[in-house]
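# Structure assessment
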Amino acid sequence: MTQASDFLTLTLYGALTLVAIAQFMAMIRLWIGPGTGDRILALDTMFINAIGIIVLLGILQGTQIYFEAALIIAMLGFVSTVAYARFVLRGDIIE
Amino acid sequence: MSLDIIATYAVAVLLIIGSFFVVVAGIGLLKLNDPMTRLHAPTKAATLGIGAYLLAAMVSSFLSGSGSLHELLIMAFIFVTAPVSANFMAKANIHRRDCLPNPPELPDGDTWATLNVPEEDREIEEAPPNA
């Protein structure tokens, strides 16, 4: 059992590192653009990766309390992506 | 080999699968060439990777004794909203004329609905895109 849980801990830290790297890549895309669509896409990706980081923290600490935070970030991510895209499309969010 | 050990390895394997997809999404977002191609990488691969992470969280909660299926809610929400937001971003790209090829001109003064600009914003939009 200790061998299995050691392997799980190692995998968890590896997964956290890789999500952080992916988050950093999305941040670079947000920085260099070049178009508005790319920046919206990078923000959407960062929202999704943030959910991943929170879920991994929940597994690492063995708690359920991060579930609501992950759900709220998922909803905010969708709403903000749609709002940005609508602003680009129509120059207004709610007409 | 008891059930606990198998479940622990299952969580680890799900985490490895999820990390693979998330990193592929990050590399694709950074490395692909034009905006419409870049749209593919995160909207599919990253969503799948987060799905694997949430499955791992579910298995791990059953492993620690307080099993729950809460994470299915987040998974369903993400899987439903990812195509919708991808469609919106694609429409934004078309509107900014960042796609190749651009939509063809329509006969007798018509415009595409996606390229259409509200009446009061016409003079702002007359400036060339990406200026």
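Data block above holds the structure.
A brief look at the structure comes next. (Residues numbered from 1 in each chain as written. Chains lettered and ligands numbered in written order. Predicted model: local features only at pLDDT ≥ 70, side-chain atom pairs only at ≥ 80, totals over all residues. Heavy atoms only, no water.)

## A closer look at the overall build of chain B
Along its length, chain B carries five helices and zero strands. Mapped from its N terminus to its C terminus, chain B presents α and β elements in the order α-α-α-α-α. The buried share among the 131 residues of chain B stands at 42%. A total of about 7200 Å² of accessible surface is found on chain B, and carbon and sulfur atoms cover 66% of it. (Helix = DSSP H or I, 4+ residues; strand = E, 2+ residues; numbered from the N terminus. Buried < 20%, exposed > 50% of the residue type's maximum accessible area, 1.4 Å probe, protein only. Areas by Shrake-Rupley, 256 points an atom, 1.4 Å probe, with all protein chains shown as cover.)

## Overview of the interface of chain B and chain A
With 54 residues of chain B at the contact, the number on the chain A side is 48 residues. Contact between chain B and chain A buries roughly 4400 Å² in total, counting both sides, with carbon and sulfur atoms accounting for 78%. Taken as a group, B:Leu29, B:Leu30 and B:Phe88 account for 13% of the area that chain B buries against chain A, more than any other trio of residues on that side. Salt-bridge contacts for B:Arg38 lead to A:Asp38; the nearest nitrogen and oxygen are separated by 2.9 Å. In this structure, the connection of chain B to chain A is made through six residue pairs in polar contact (both at pLDDT 80 or more). Counting residues per element, the side of chain B that touches chain A draws most heavily on helix H1 (residues 3-31) of chain B, at 16 residues. For the side of chain B that touches chain A, the per-class residue count stands at 30 nonpolar, 16 polar and eight charged. (Contact = heavy atoms within 4.5 Å. Buried area = accessible area lost by both parts, 1.4 Å probe. Salt bridge = Lys/Arg side-chain N within 4 Å of Asp/Glu carboxyl O. Polar contact = N/O pair within 3.5 Å; in protein donor to acceptor, adjacent residues only side chain to side chain. Nonpolar A, V, L, I, M, F, W, Y, C, P; charged D, E, K, R; others polar.)

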